[in-house]
Amino acid sequence: LLLLAPGMAMVFLMFPVSLGSRSILVERRDGTLARMLSTATPGGPILVGKITGVYLVGAAQMFILILASALLFRLSWGDPLGVVALVLAAVVGAAGWGLLLAAVAKTPNQVANLGMAMMLLSGILGGSFFGGTLTGALGTLGKITPNAWAMDGFTTLARGGDLADIAPDIAALLFMGVVLLGISVMLFGRKGFLQR
């Protein structure tokens, strides 16, 4: 149960992250984004504000699931500092994927559909449904998901590891989020998405 709980938490994290990013396209369709861009605020800070909201919702969801499982099922997640750092980094990686979905999709409905597919695929490849990461070619492919890195970190913490032991997992998740954010901003720019 201890390794299945983080897997399910990661699967459920991917859902609100993709739907939260969907709100960017909804605001563009409904004209709210155009009104925000008509102010003195540049497009970059508006996009950062949107993704920050998505990030905070994802982090709150993860912490609520961890706290609930610890209280209801008496699960010990391991080193508290490691758990907090890993959750914050995992949400960065997941938010990067959610923002990329919004950048490549044309409509809010596409984000919702692609987000559901992303949630299931990242759960399978990242080992969330199996209580650990996969091995072989699928395990290597799974490293593109935040699920795989988070599952590695949560497994290490469950076995008595600490923050230093999961530093590579945290670094990979942060790197993933930053790279995906950069790609998403570039794609939004090419589409003229944040133009006044």
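Please refer to the structure placed before this passage.
Residues numbered from 1 in each chain as written. Predicted model: local features only at pLDDT ≥ 70, side-chain atom pairs only at ≥ 80, totals over all residues. Heavy atoms only, no water.

Chemist: Describe the side chain of Thr145, with residues and values.
Modeler: Looking at the secondary structure, you find Thr145 in the loop between helix H6 (136-142) and helix H7 (146-158). We classify Thr145 as buried; its relative accessible area is 6%. Setting aside its immediate chain neighbours within four residues, Thr145 contacts Trp97, Ser122, Leu125, Gly126 and Met176. (Helix = DSSP H or I, 4+ residues; strand = E, 2+ residues; numbered from the N terminus. Buried < 20%, exposed > 50% of the residue type's maximum accessible area, 1.4 Å probe, protein only. Contact = heavy atoms within 4.5 Å.)

Chemist: Talk me through the pattern of salt bridges; I want residue IDs and the actual numbers.
Modeler: Under the defined criterion, the tally for this structure stands at 3 salt bridges. We note a salt bridge from Glu27 to Lys50, for which the minimum N-O separation is 3.1 Å. Of this pair, Glu27 sits in helix H1 (residues 4-30) while Lys50 is found in helix H3 (residues 43-72), placing the two residues 23 residues apart along the sequence. The closest approach of N and O atoms between Asp152 and Lys143, which form a salt bridge, is 2.5 Å. Given a relative accessible area of 18%, Asp152 falls into the buried group. Residue Lys143 is classed as partly exposed on the basis of its relative accessible area of 29%. (Salt bridge = Lys/Arg side-chain N within 4 Å of Asp/Glu carboxyl O.)

Worth remembering: the numbers are spatial, not functional.
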